[in-house]
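# What the coordinates show
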Amino acid sequence: MEKEQYQQLEQSVTPKPPYFKNAAKAFFVGGIICTIGQAVSLFYIIFFDFTEATAGNPTVSTMVFFAMILTGFGLYKRIGQFGGAGSAVPVTGFGNAVISAAIEHKSEGLVLGVGGNLFKLAGSVVLFGVVSAFFVALIKYILVTLGVVSW
Amino acid sequence: MVMTFVFAFIVGGIICVIGQLLMDVGNLTPAHTLSTLVVVGAILDGMGLYEPLIHFAGAGATVPITSFGNSLTHGALAEAEKHGLVGVLTGMFEVTSSGISAAIVFGFIGALIFKPKGNVD
Amino acid sequence: MVIVFQSKPSFLAGGVVAGPLEKRSVFSQYFDTIYDDERWKMETNEQGHRKMIQEACEILMKKSGVNNLEIDFFLGGDLVNQMTPTNFAARELAISFIGLFSACATSVSSVIVASLLTELGASNLSIAGASSQHNAIERQFRYPVNYGAQKPQTAQWTVTAAGFALIGKHREECPCIEAATIGKVIDYGMDDPFHMGAAMAPAAFQTIQSHLEQRNQQFYNYDLILTGDLGQLGLKLLKGMLVENGVKKEELTLLRDAGAEFYGQDEAFQSGASGAGCSAAVFFSYIIQQLRAGSYKRVLLVATGALLSPLSYQQGETIPCTAHAIEITMK
């Protein structure tokens, strides 16, 4: 059998991802996580001195804390298998990427293992976040200086 | 009050569906998907569109990873407004520190107390 | 290339040790020991991996009533970088050792080398086999085990198991190795590390075809042709290729895959099992026992291996694969 012919066979045998089902599960899981986030925000607004605008930061930290607990007990990957992007896209997914790498590489020690591999998975998010923010801000600065837009 | 929860659920859910489609239809790895969404968040904030979304959906917009790109850009823009070009660099982490510092601290603590476990369900 | 063994070296015994999840395997009743701790009470997964190899070899020696001084060679491998678990186990076992890497096909390639040494008269008794430990392999080839990435339906689950066989001179009452085919490295341009079955199926196809051709045999001359870890989808693809090549549909019932059957129909494991320990555990427990019991007279074992590394995948290379086969008969 030739390569091209085999690739056709492979295409016909391999099941396509269940697009609709996966999207529905992602919507459900992602929605739930954000709703929990909303409850946490509300908690900080009511019981601490946060406003709607500033409650985002403690909310994110708290969500990452939840991610640590779930990751440590091996539950986050079960949520991940079910929810797909629904659990990967929220900041808990970012936390899961950092924390799972930290737990995994503890066997090589705290400096070389945990320290060296903490951002193994999540590093690209930080990289592209910072670089894109830099260029977006730079472009906006130039546009403002040229008088095209205002702050 | 109740409506903010509903909006958080719907907006957060929709952002996750976009991520799922990037993975399933676009064949991206999770790392590529999250990197793409962060860039999208940064661009949306540059166009001034992310803040209204947070105002509308609360945690539905602050919890997804897009908000990371948004707050990096937000910090950079705020400083750039005050201090000019240098502010673009110095302001970057002004607003965003919470997600990263929480991940680092909890990552370290997690490594101290947990072990990797290979269970399936 | 096919090798015909004139002296017909024999499988004297098998030793198979598996991890806690492997309790759920349809083959679990044939394993010697199932351990409840995936790390074998050791500190790291890699140490547990080593311990598992040691235990499988010790069980094997105990069963056959020999000690390590009577074994001439230890041949085996695993999937961890530089095969440290097997190397370290060899240190503890203190037997002359050559590490072999054919990825998941190591279970058979090690038996082929052991048979050659036996045929040569250099070896009275050799231990051959392979192993894999889920956590250690997963973190190396994919993600940390606690990372919540969604696995597609095409993915396979790396087995925690070690399977080793004692190969010696021909004995009437034991299954013997008649012939072997050392496979070529085949690459059909597949590049998805979560769809290994599709990458490995062409290699299995080539090895089976060339073995049958050079041995002048037909499909139905075997009681069973068992591939290593193609998984449910890989097996389907292999069957598709064979049908295309003129093998009759009813003959395909003789073709099975250890990886596809390993965890039964449990959807949690997606397309089935994989890993060097998968084929080793099934071949050196279930198959040897079935041959001894007389259920099979002649089987062809085809272990398949995907020869990729995380580096090669990230650099955009496709996945080259190989398959090695041994033909085993029982009087």
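Definitions and cut-offs
- Residues numbered from 1 in each chain as written.
- Chains lettered and ligands numbered in written order.
- Predicted model: local features only at pLDDT ≥ 70, side-chain atom pairs only at ≥ 80, totals over all residues.
- Helix = DSSP H or I, 4+ residues; strand = E, 2+ residues; numbered from the N terminus.
- Rg over C-alpha atoms; globule rule 2.2 N^0.38 Å.
- Buried ≥ 20, exposed ≤ 12 C-beta atoms within 10 Å, placed from the backbone.
- Contact = placed C-beta atoms within 7 Å.
- Domains from an automatic or database assignment.
- Axes fitted to C-alpha atoms, helices over the stretch in contact; angles between N-to-C directions.
- Parallel < 35°, antiparallel > 145°, perpendicular 65-115°, else oblique.
- Left-handed = near helix turned anticlockwise from the far one by under 90°.
- Nonpolar A, V, L, I, M, F, W, Y, C, P; charged D, E, K, R; others polar.
- Core = buried A, V, L, I, M, F, W, Y, C linked by C-beta atoms within 7 Å.
- Expected span 1.5 Å × (residues − 1).
- Pairing = 2+ DSSP bridges.

Turning our eyes to something else, we now look at the overall build of chain C. Assigned secondary structure in chain C consists of 9 helices and 14 strands. Relative to a compact globule of 331 residues, whose C-alpha radius of gyration would be 20 Å, chain C shows 18 Å and is just as compact. Here chain C, with 331 residues, has 61% of them falling under the buried criterion. Contacts spanning at least 24 positions in sequence make up 80% of the contacts within chain C whose residues lie at least 6 apart.

Once that is clear, we can look at the overall build of chain A. The helix and strand tally for chain A stands at 8 helices and 0 strands. Shown N-terminal to C-terminal, the secondary structure of chain A runs as helices and strands in the order α-α-α-α-α-α-α-α. In terms of overall dimensions, chain A is more spread out than a globule: its C-alpha atoms have a radius of gyration of 21 Å, far above the 15 Å expected for 151 residues. When its C-alpha atoms are laid out on the principal axes, chain A stretches across 65 × 50 × 40 Å.

Let us now look at the domain arrangement of chain C. Residues and elements named next belong to chain C. Per the domain assignment, the segments of chain C are domain 1 (2–168) and domain 2 (176–329). Every contact between the two is made by 53 residues of domain 1 and, on the other side, 57 residues of domain 2. Residue assignment for the side of domain 1 that touches domain 2 shows that the elements contributing at least two residues are β1 (2–4), β2 (10–18), α3 (106–120), β6 (125–132), α4 (134–141), β7 (157–158) and β8 (161–168). Top contributing element to the side of domain 1 that touches domain 2 by residue count: α3, with 7 residues.

This part takes up the interface of chain A and chain B. By a widespread convention, an interface's size corresponds to the accessible area lost as its parts come together. The interface is formed by 64 residues belonging to chain A together with 64 residues belonging to chain B. Every element with two or more residues in the side of chain A that touches chain B is listed here: α2 (19–47), α3 (56–72), α5 (85–88), α6 (91–104) and α8 (123–145) of chain A.

The N-to-C vectors of helix α1 (residues 3–13) of chain A and helix α6 (residues 231–244) of chain C enclose an angle of 135°; their axes lie 10 Å apart at closest approach. Comparing their axes, α6 of chain C and α1 of chain A come out oblique. Between α1 of chain A and α6 of chain C lies a crossing whose hand is right-handed. Between α1 of chain A and α6 of chain C, the residues in contact are Leu-9, Glu-10 and Val-13 of chain A and Leu-233, Lys-236, Leu-237 and Gly-240 of chain C, respectively. When grouped by side-chain class, the residues that make up the contact of α1 of chain A with α6 of chain C number 4 nonpolar, 1 polar and 2 charged.

Right, let's get into the nonpolar core. Of all hydrophobic cores here, the largest spans 114 residues; its most connected members are Ala-56, Ile-127, Ala-204, Ala-281, Leu-301, Val-302 and Ala-306 of chain C. Counting residues per element, this core draws most heavily on helix α8 (residues 276–293) of chain C, which supplies 11 residues. Val-302 of chain C has contacts with Ala-204, Thr-207, Ile-208, Ile-225, Leu-226, Thr-227, Gly-228, Ala-323 and Ala-325 of chain C, leaving out every residue within four places of it along the chain. Formed by 81 residues, the second largest nonpolar core is a distinct cluster that contains Phe-27, Ala-122 and Val-126 of chain A together with Ile-65 of chain B.

The subject of this paragraph is the interface of chain C and chain A. With 25 residues of chain C in contact, the opposing surface of chain A contributes 29 residues. Residue assignment for the side of chain C that touches chain A shows that the elements contributing at least two residues are α5 (196–215) and α6 of chain C. In terms of residues, the side of chain C that touches chain A owes the most to one element, α6 of chain C, which gives 6 residues.

A word on unusual backbone geometry. Residues and elements named next belong to chain C. Backbone geometry at Ala-94 places phi at a positive 55°, although glycine is not the residue there. Along the chain, Ala-94 turns up in the loop between α2 (84–93) and β5 (97–99). For Ala-94, a count of 11 C-beta atoms within 10 Å corresponds to the exposed category. Although it is not a glycine, Ala-103 sits at a positive phi angle of roughly 50°.

Residues and elements named next belong to chain A. As assigned here, chain A comprises domain 1 (3–120) and domain 2 (122–151). One C-alpha centre belongs to domain 1, the other to domain 2, and the line joining them spans 26 Å. Across the boundary between the two partners, domain 1 contributes 5 residues, which contact 4 residues of domain 2. Here the side of domain 1 that touches domain 2 is built from residues that sort into 4 nonpolar, no polar and 1 charged.

Next up on the list: α6 of chain C. All names here are of chain C. In a regular helix each residue adds 1.5 Å, so 14 residues correspond to 20 Å; α6 covers 20 Å between its end C-alpha atoms and thus fits that length. All of the buried residues along α6 are Gly-231, Gln-232, Leu-233, Gly-234, Leu-235, Lys-236, Leu-237, Leu-238, Met-241 and Leu-242. A positive phi of about 100° marks Gly-246, the residue just after α6.

Here the focus is the pairing of β6 of chain C. All names here are of chain C. By the criterion of burial, β6 is predominantly enclosed, with 8 of the 8 residues buried. Here β6 shows two buried faces, one formed by Leu-125, Ile-127, Gly-129 and Ser-131 and the other by Ser-126, Ala-128, Ala-130 and Ser-132. Two elements, strand β4 (residues 73–77) and β6, share 5 bridges in a ladder whose sense is parallel. Residue Leu-75 lies in a different strand from β6, and its bridge partner there is Ala-128.

Residues and elements named next belong to chain C. Counting buried positions along strand β13 (residues 298–306) gives 8 out of 9 residues, so the element sits mostly inside the fold. Pairing analysis gives 4 bridges linking strand β10 (residues 224–227) to β13, with the strands arranged parallel. Counted as the bridge partner of Leu-226 is Leu-301 from β13. In this structure, β13 lies alongside strand β14 (residues 321–329), joined through 9 bridges in antiparallel fashion.

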